[in-house]
Amino acid sequence: MLNLVTGPGGFLGRYITEQLLSRGQKVRGFSRGDYPYLQAMGVEMVRGDISDAQKLEEACRGVDTIYHVAGLCGIGEPWERFYRTNTYGTHCLLEAARKAGVKKFIYTSSSSVSFDGYDQKNVTVEPVYPTRWLCHYSHSKALAEQEVLQMNGKDGLLTCSLRPHLVWGPRDNSLIPRLISRAAAGSLKRVGSGKNLVDMIYVENAAAAHLQAADALAVNSPVAGNVYFLSHGQPVNCWEWIDELLEIYQLPPVKHQISYAAAWSAGWFFEKIWKIFSWETDPPMTRFLAGQLAKDHYYDISPAKRDFGFSPTITKEQGMEALKKEFSKTKGVPFS
C-alpha cells in the first residue's frame, strides 16, 4: 500500500507519516519544502505547489490512500491566499486523485468550520456550517470540506473529513509557540469569564484517528462521505489549561483580563485596519479569536468511536509530561 501525505513535514502530518511507517507501509510526501530527515526515514518526496496539477498527478500516481493534511493556517492572511491553498488546492488534489484511481481520501478539516462565535456545547455535525464566517481560515476549510464530501463515490474514490480540535503536543509549530510568544511578551490576556470549557486532542491521538478512519473507509462503511469531530471527549477549562502550559515553559500564569465584548470590539477594529492596509501578519485580536478564547466549544465524538473505533490512548496528563520532557531536552529553548 502506498500512502500520500500532504504536508508531511508539518506538525500533524509528521506524526501521521511516522505512524504509517511504523506499520511498515510506504509513504510518499507532497510538500513545497525539502525535508531530508523524512527521506532518511524512507519517505519518497515530491516537491510542488498544491495548485500545480502536473506535480499533483505525479504525486498521486500509484497511490492507494491520501491523507490531505497540508493547509494554510492563521487569522491574518488575505482571503485569496486561504482560498488558493485550502480550497482550490484541495480541489486540485481531488481531481488528481480521481484521475489516478486513488481509493481513499482522508481530509484534515477543522472544528472551526462550525464555529460562529457562540457557545458550542457537545456539538454534533448538524448544523454543519455557520451562517456567518469570522475568519478566512474556517471559511476556506469549510468550502474544501464540502467538495471532499461531494466527491465521495465518484470514479471509485471514497472520502471522509476529520475535524480535530486544538491539536497539541511535542514538536508543535503553531498553537503552543504562538501562545508562549504572547505570554512571554506580556500580551496574553484572559478573555471573558475564564470559565469556558474547550475540547483538545493530543497529536498522536489525532494522527491515530486518521489511520483508523482510513482503515474503516469502505464502500458500505458509514465513514464514506461522512465528517467527524476529534477530541479527547473530556473538555477542559481553557484558561486553567493555558496556565498549565505556561508553567511548563517557566512562565507565570495569565494575570490580566478583558471582557468578551471588549475583545470582540477590538477584534472588529483590528480586522478593519488590517484590511485597509493589506497587512499579512496576524492581528493582535480578531472576532474569531475572541470567540475561541471566551466561548465554550466542545464536541460529540461518539460517531467517531462508533464508526471507526476512535479512542484516545494517550491522556492529557501523559501529553503534558511529554511536553515537559521536550522542554527539558531543549535546555529551556522550546520549539527548536
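In case you missed it, the structure is sitting above this.
Report follows, based on the coordinates. (Residues numbered from 1 in each chain as written. Predicted model: local features only at pLDDT ≥ 70, side-chain atom pairs only at ≥ 80, totals over all residues. Heavy atoms only, no water.)

## Looking at the sheet that holds strand S7 (residues 158–164)
Step number 1: If you trace the seven strands from one edge of the open sheet to the other, you get S3-S2-S1-S4-S5-S7-S12, paired in parallel fashion. The two strands at the open ends of the sheet, each matched to only one other strand, are strand S3 (44–47) and strand S12 (227–230). Averaged over all pairs of adjacent strands, the angle between strand axes in this sheet comes to 20°, irrespective of strand direction.
Step number 2: As defined by bridge partners, strand S5 (residues 104–108) adjoins S7 across five bridges and the pair is classed as parallel. Bridged to Phe105 within S7 is Thr159.
Step number 3: Helix-sheet contacts for helix H1 (residues 11–22) involve strand S1 (2–6), strand S2 (26–31), strand S4 (65–68) and S5, and the interaxial angle to S1 is about 165°.
Step number 4: Relative to S7, helix H5 (residues 136–150) is tilted by about 150°, and along the sheet it contacts S5, S7 and S12. (Pairing = 2+ DSSP bridges. Helix = DSSP H or I, 4+ residues; strand = E, 2+ residues; numbered from the N terminus. Axes fitted to C-alpha atoms, helices over the stretch in contact; angles between N-to-C directions. Contact = heavy atoms within 4.5 Å.)

## What about the pairing of S2?
For a regular strand, the rule is simple: side chains alternate between the two faces of the sheet.
Step number 1: With respect to burial, S2 is a largely interior element, five of its six residues being buried.
Step number 2: Sheet topology note: the S1/S2 ladder contains five bridges and is parallel. The residue of S2 that forms the bridge with Leu2 is Lys26.
Step number 3: In the classification by handedness, the crossover that spans S1, the intervening H1 and the parallel S2 is right-handed. (Buried < 20%, exposed > 50% of the residue type's maximum accessible area, 1.4 Å probe, protein only. Right-handed = clockwise from strand over helix to strand, strands pointing away.)

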